[in-house]
Amino acid sequence: MVCAILLLFFLDAVREMWKYSNVEHSDASHASHLDTQMQTHMRLFRAQRNMYISGFAGFLCLVINRLVYLISGNATLQAEKEAALKQAESASRAAQSVLSGGDGGDNPETKALKEKCAKLEKDLSSANKNVESMKSQAENLTAEYDRLMEEKDRLERKVNIMGDDKKDD
């Protein structure tokens, strides 16, 4: 709302400025009188001043609105961060209580979960080994490809040199 009012002030100041700058050129008969000239220049100066003031105020209004938007977004993010930290702390406390309270090992469900966890860890280690082997194979393949490309380039140069020698004969 404030920006709209400032925009109206700015447009009015621009209109006034155009009006008084055009009077200076079109009305030559009244321009001969010094008092009329002074009044016209004074009005033009006021119109220019009002244009600069309203333009700067409008710009500041836009900047302040953007700052308010950014600060409110920052506050929201900070609140979400605090909530996430509290949730993570409560989850870690709950996990610690389950782990420390469940060391008896009498529960069959706990045993099944531990076995499943051990199996998944073994699968993870084998998957990591497979990834490492694939990386080493890819590196070896790249090195071999580079070597073959160099050999191909060398042979092509040799063939070109032999072809050039035959053309010279």
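Structure's up top.
This section reports on the structure supplied with the text. (Residues numbered from 1 in each chain as written. Predicted model: local features only at pLDDT ≥ 70, side-chain atom pairs only at ≥ 80, totals over all residues. Heavy atoms only, no water.)

Scanning the chain from N- to C-terminus turns up 3 helices and 0 strands. The linear arrangement of helices and strands in the chain, starting from the amino end, is α-α-α. Residue pairs at least 24 apart in sequence account for 66% of intrachain contacts in the chain once pairs closer than 6 positions are excluded. Here the chain has roughly 14600 Å² of accessible surface; of this, 62% comes from carbon and sulfur atoms. (Helix = DSSP H or I, 4+ residues; strand = E, 2+ residues; numbered from the N terminus. Contact = heavy atoms within 4.5 Å. Areas by Shrake-Rupley, 256 points an atom, 1.4 Å probe, with all protein chains shown as cover.)

What tends to happen in soluble globular proteins is that the nonpolar side chains get buried as a cluster. One finds Ala 13, Val 14, Met 17, Tyr 20, Leu 44, Ala 47 and Met 51 forming the largest nonpolar core, which totals 7 residues. Elements with a contribution of two residues or more to this core: helix H1 (2-26) and helix H2 (34-101). Looking at which element gives the most residues to this core, the answer is H1, with 4 residues. (Core = buried A, V, L, I, M, F, W, Y, C linked by side-chain atoms within 4.5 Å. Buried < 20%, exposed > 50% of the residue type's maximum accessible area, 1.4 Å probe, protein only.)

Attention now goes to a nonpolar patch on the surface. A surface patch of nonpolar side chains, amounting to about 990 Å² of accessible area, comprises Phe 56, Phe 59, Leu 60, Val 63, Ile 64, Leu 67, Val 68, Tyr 69, Leu 70 and Ile 71. Locating Ile 71 in the fold gives a position in helix H2. Judged by its relative accessible area of 58%, Ile 71 falls in the exposed class. (Patch = residues over 30% accessible without salt bridge, like charges linked within 9 Å, V, L, I, M, F, W, Y side chains within 5 Å. Salt bridge = Lys/Arg side-chain N within 4 Å of Asp/Glu carboxyl O.)

On to the environment of Ser 72. The residue Ser 72 is located in helix H2 in this model. A distance of 2.9 Å separates a polar side-chain atom of Ser 72 from the backbone oxygen of Tyr 69. (Polar contact = N/O pair within 3.5 Å; in protein donor to acceptor, adjacent residues only side chain to side chain.)

Next up on the list: the environment of Phe 45. Its place among the elements puts Phe 45 in helix H2. As for Phe 45 and Tyr 20, which are separated by 25 residues in sequence, their C-alpha atoms are 9.2 Å apart.

A few words on the pattern of salt bridges. Enumeration according to the criterion identifies 6 salt bridges in this entry. The closest approach of N and O atoms between Lys 19 and Glu 16, which form a salt bridge, is 3.5 Å. In this pair, Lys 19 and Glu 16 are both assigned in helix H1, 3 residues apart and thus about one turn of the helix distant. The class of Lys 19 is partly exposed, set by a relative accessible area of 37%. A single network of salt bridges, built from pairs that share partners, joins Asp 12, Arg 15, Glu 16 and Lys 19.

This brings us to the side chain of Ser 54. Among the structural elements, Ser 54 can be located in helix H2. In this structure Ser 54 comes out as buried when scored by relative accessible area, which is 8%. Within polar-contact distance, the side chain of Ser 54 engages the backbone oxygen of Asn 50 at 2.9 Å.

A word on H2. Think of an α-helix as 3.6 residues a turn; residues three or four steps apart then line up on the same face. The first and last C-alpha atoms of H2 sit 99 Å apart over 68 residues, in line with the 100 Å expected at 1.5 Å per residue. Inspection of H2 places Thr 40, Leu 44, Ala 47, Met 51, Ser 54, Gly 58 and Cys 61 among the buried residues, and these make up the whole buried set. (Expected span 1.5 Å × (residues − 1).)

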